[in-house]
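Single-letter residue listing:
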Amino acid sequence: MRGRAHTTRERAAMRWTHFTLPVSDLDGSIRFFTEVCGLSVVRDRRLEGGTTVWLGPAPPAGEDPAFVVVISRGEVREPLDHFGFQCERREDVTTIADR
């Protein structure tokens with residue numbers, strides 16, 4: 001798309017929401033991200049019967065974090081599991097995928 005003007009329709013609104021990392025030591029990874037990286041546990045899905053922990057900058061009271069690192073205990077076969085994105089409309093996902 002180099003050299004071509006982008007219309008608003010082509011440049012659908014998208015923002016990063018998270019990326020997911022598999023870790024072999026969940027508690028050790030939580031300590032690393034909180035103590036070394038300065039992030040906070042913003043949601044511990046284990047308390048809800050899940051298996052992931054979400055870490056990010058502490059959001060203001062009553063607000064969701066803008067971006068999180070999601071860690072999940074498991075075999076580390078790849079250094080990164082996936083990136084998560086959010087779009088305003090379903091049609092925006094299709095527009096982005098068509099690029």
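Since the structure is predicted, the reported quantities are computational estimates derived from the model, not experimental observations.

Within the largest apolar cluster, 10 residues are counted, these being Leu21, Val23, Leu26, Ile30, Phe33, Leu39, Val53, Leu55, Val69 and Ile71. Taken together, the elements giving at least two residues each to this core come down to strand 1 (14-23), helix 1 (26-36), strand 3 (52-56) and strand 4 (68-73). It is helix 1 that contributes the most residues to this core, three residues altogether. With sequence-adjacent residues up to four places away left out, Phe33 is seen in contact with Leu21, Gly38, Leu39, Leu55, Val69 and Ile71.

With that out of the way, let us pick up the packing of aromatic side chains. Counted according to the given criterion, the structure contains two aromatic pairs. When the ring of Phe19 is compared with that of Phe67, the centres are 5.8 Å apart and the planes differ by 45°; the resulting orientation is tilted. Here Phe67 lies in the loop between strand 3 and strand 4 and Phe19 lies in strand 1, a separation of 48 residues in the sequence. The partly exposed category is assigned to Phe67, whose relative accessible area is 26%. Judged by centre distance (5.2 Å) and plane angle (75°), the ring pair of Phe32 and Phe33 falls under edge-to-face. Residue classification places Phe32 among the partly exposed positions, given a relative accessible area of 40%.

The rules we used
The numbering scheme is per chain: residues are counted from 1 as the chain's sequence reads. Reporting in this predicted model follows two pLDDT cut-offs: at least 70 for local features of residues, and 80 or more for side-chain atom pairs to be given and counted; totals over whole chains, interfaces and linings ignore these cut-offs and use all residues. Computation of side-chain values covers all heavy atoms of the structure but excludes hydrogens and water. Nonpolar cores are built from buried Ala, Val, Leu, Ile, Met, Phe, Trp, Tyr and Cys residues. Side-chain atoms within 4.5 Å join them into one set. For the exposure calls, accessible area comes from a 1.4 Å probe over protein chains only, and a residue counts as buried if that area is under 20% of its type's maximum, exposed if over 50%, partly exposed in between. Segments assigned H or I by DSSP are reported as helices when at least four residues long, segments assigned E as strands when at least two residues long, and all are numbered from the N terminus. Contacts are residue-level and defined by heavy atoms, with any inter-residue pair within 4.5 Å sufficient. A pair of aromatic rings is counted whenever rings of Phe, Tyr or Trp (Trp by its six-membered ring) have centres within 6.5 Å, and the orientation is called stacked for planes under 30 degrees apart, edge-to-face for over 60 and tilted otherwise.

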